[in-house]
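# Examining the three-dimensional arrangement
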Amino acid sequence: RETGIECDNLLHSDTPNYFKHAYDSIHFMTGGPDWALGINSADGRRLDQLHIHLTRLYAPARDDIAQAVKAGKVSTDEHKWVDQVVEVTGHNDKWQDSKHQYRAWITDNIDANFFKKLNDDIVTPLNKQGKSAAMAHETMLITRNPAGKGFVVLESDTTSGIHGVANIEGILDKR
């Protein structure tokens, strides 16, 4: 049993590819290609059991992600992920819009251990910079690349100095 994104065993080489398993279930959804896989931080969830939300992406969030990709603000170089910050429109529980910041990266496949990449490419560098970062504070989302092949990976937190979120629900459309 995995408690959540903060579990150290998610960083091991033999960790099951939970995001790949979730991606393989997209065909059960209705609503076409506008899907998102999201995981909340320990700070932003109620349950202490690892779970990935499989649902639609909020339309204004999709538009912001597409604009950022088109403008070249999101690279395919995962080592630049920590510095590629984009604003994405989300909503609160009353469906009122607000923008928050997310670090973004484009990958060409879903076969990576995204937990390890998050730790190696975001948490560790931020800690070396003296910023407050830990896997327990991280939230992550994976969705299709709106500009073509591959996937956009988003990360956010409320502790490292960006205007981020602890809960990915604001850019999901679970209605």
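Here we summarise the structure given alongside this text. (Residues numbered from 1 in each chain as written. Predicted model: local features only at pLDDT ≥ 70, side-chain atom pairs only at ≥ 80, totals over all residues. Heavy atoms only, no water.)

Quick look at the pairing of strand β4 (residues 97–107) now. Bridge count for strand β3 (residues 85–91) against β4 is seven bridges, and the pairing is antiparallel. Opposite Glu87, over in β4, you have Gln101 as the bridge partner. Connecting the antiparallel pair β3 and β4 is a turn made up of five residues, with Trp95 showing a positive phi of about 65 degrees. Where β4 and strand β6 (residues 151–156) come together, five bridges link them in antiparallel fashion. Bridge pairing in β6 places Arg103 opposite Glu155. (Pairing = 2+ DSSP bridges. Helix = DSSP H or I, 4+ residues; strand = E, 2+ residues; numbered from the N terminus.)

At Trp95, a residue that is not glycine, the phi angle is positive and equals roughly 65 degrees. Position of Trp95 among the secondary structure elements: in the loop between β3 and β4.

This part covers the side chain of Asp34. If you trace the backbone, Asp34 turns up in the loop between α1 (18–23) and β1 (35–39). A relative accessible area of 19% means that Asp34 is categorised as buried. For Asp34, the contacting residues outside a window of four places in its chain are Thr55, Arg56, Leu57, Arg62 and Arg144. (Buried < 20%, exposed > 50% of the residue type's maximum accessible area, 1.4 Å probe, protein only. Contact = heavy atoms within 4.5 Å.)

Moving on, we come to the nonpolar core. Soluble globular proteins: nonpolar side chains tend toward being buried together. One finds Phe19, Phe114, Phe115, Met140 and Ile142 to be the most contacted residues of the largest nonpolar core, which totals 27 residues. Secondary-structure elements contributing two or more residues to this core are α1, β1, α3 (114–128), β5 (139–144) and β6. No other element matches α3, which puts six residues into this core. If near-sequence neighbours (up to four positions away) are discounted, Phe19 is found in contact with Leu37, Ile39, Ile52, Ile110, Phe114, Phe115, Met140 and Ile142. Within the second largest apolar cluster, 20 residues are counted, among which are Ala68, Val86, Tyr102 and Leu154. (Core = buried A, V, L, I, M, F, W, Y, C linked by side-chain atoms within 4.5 Å.)

Here we take up the pairing of β1. Among the five residues that make up β1, five are buried, leaving the element largely enclosed by the rest of the structure. Every second residue of β1 is oriented toward a common face, with Trp35, Leu37 and Ile39 on one face and Ala36 and Gly38 on the other, all of them buried. Judged from the four bridges that link them, β1 and strand β2 (residues 53–57) form a sheet pairing that is antiparallel. Of the residues in β2, the one forming a bridge with Trp35 is Arg56. In this structure, β1 lies alongside β5, joined through four bridges in antiparallel fashion. Each residue of the ladder has a partner; that of Ala36, found in β5, is Thr143.

Strand order in this open sheet of seven strands is β3-β4-β6-β5-β1-β2-β7, and the pairing throughout is antiparallel. Here the strands that pair on one side only, and so sit at the sheet edges, are β3 and β7 (172–173). Helix α2 (residues 59–70) contacts β1, β2, β3, β4, β5 and β6 of the sheet and is inclined by roughly 165 degrees relative to β3. Packing against the sheet, α3 makes contact with β1, β4, β5 and β6, and its axis sits at approximately 110 degrees to β4. (Axes fitted to C-alpha atoms, helices over the stretch in contact; angles between N-to-C directions.)

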